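# A look at the structure
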Amino acid sequence: QVQLVESGGGLVQAGGSLRLSCAASGSIFSINGMGWHRQAPGKQRELVATITSFGRTNYADSVKGRFTISRDNAKNTVYLQMNALKPEDTAVYYCNGEVTTIMRVSRSYWGQGTQVTVSS
């Protein structure tokens with residue numbers, strides 16, 4: 001089995017920064033795409049950023065220029081550096097990974113989420 005665990009969330013003032021981490025563990029052979037999604041109160045879950053195994057990135061327009069996604073393949077970890085945070089960034093942030101296990105079975109796994117709260 002595979003688990004993804006997010007960390008680094010918290011309370012920050014508008015204009016501040018946070019760095020989220022998501023570490024995957026378990027019977028992992030490789031991880032292809034990884035990404036971050038978020039869900040704000042009363043809103044649908046939305047894609048924030050994605051990154052391929054070779055580092056190609058994609059961002060939602062709302063965070064482009066402020067957020068940076070990165071990964072450490074040796075640690076099976078994906079990061080989200082969030083700068084110039086706005087109150088509208090307040091949400092639960094979830095990481096996702098396209099995981100191939102050591103048994104060569106592939107599927108998508110999700111973390112449990114970490115709360116990010118940006119005060120005005």
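Relevant structure appears above.
Here goes a summary of the coordinates provided. Every value quoted in this text rests on a predicted model; they were computed, and no experiment measured them.

### Focus: the overall build of the protein
Tallying secondary structure elements over the protein gives zero helices and eleven strands in all. When its helices and strands are written in sequence order, the protein yields β-β-β-β-β-β-β-β-β-β-β. In terms of overall dimensions, the protein is globule-like: its C-alpha atoms have a radius of gyration of 14 Å, near the 14 Å expected for 120 residues. Taken over the C-alpha atoms alone, the protein extends approximately 50 × 25 × 25 Å along its principal axes. Counting the 120 residues in the protein, one finds 42% classified as buried. Counting only contacts in the protein whose residues sit at least 6 apart along the sequence, the fraction spanning at least 24 positions is 56%. Just so you have it, the protein exposes about 6500 Å², and 49% of that area is on carbon and sulfur atoms.

### Examining the state of the cysteines
Considering all chains together, one arrives at one disulfide under this definition. The partner cysteine of Cys22 in its disulfide is Cys95, sulfur to sulfur 1.8 Å. Between Cys22 and Cys95, the disulfide has an S-S torsion of 45° and is therefore right-handed. In this pair, Cys22 is assigned in strand E3 (residues 18-26) and Cys95 in strand E9 (residues 91-101), connecting sequence segments 73 residues apart. The exposure class assigned to Cys22 is buried, which follows from its relative accessible area of 0%.

### A closer look at the nonpolar core
Ranked by size, the top nonpolar core spans 31 residues in total, and within it Trp36, Leu80, Met82 and Tyr93 carry the most contacts. Only strand E1 (2-7), E3, strand E4 (28-39), strand E5 (46-51), strand E7 (67-72), strand E8 (77-82), E9 and strand E11 (114-119) provide two or more residues apiece to this core. With residues near it in sequence (within four places) discarded, Met82 still touches Gly16, Ser17, Leu18, Leu20, Arg66, Phe67, Tyr93 and Val116.

Here is what the cut-offs are and how they apply
- Residues numbered from 1 in each chain as written.
- Predicted model: local features only at pLDDT ≥ 70, side-chain atom pairs only at ≥ 80, totals over all residues.
- Heavy atoms only, no water.
- Helix = DSSP H or I, 4+ residues; strand = E, 2+ residues; numbered from the N terminus.
- Rg over C-alpha atoms; globule rule 2.2 N^0.38 Å.
- Buried < 20%, exposed > 50% of the residue type's maximum accessible area, 1.4 Å probe, protein only.
- Contact = heavy atoms within 4.5 Å.
- Areas by Shrake-Rupley, 256 points an atom, 1.4 Å probe, with all protein chains shown as cover.
- Disulfide = S-S within 2.5 Å.
- Core = buried A, V, L, I, M, F, W, Y, C linked by side-chain atoms within 4.5 Å.

Functional significance is not addressed by these values, which are geometric in nature.
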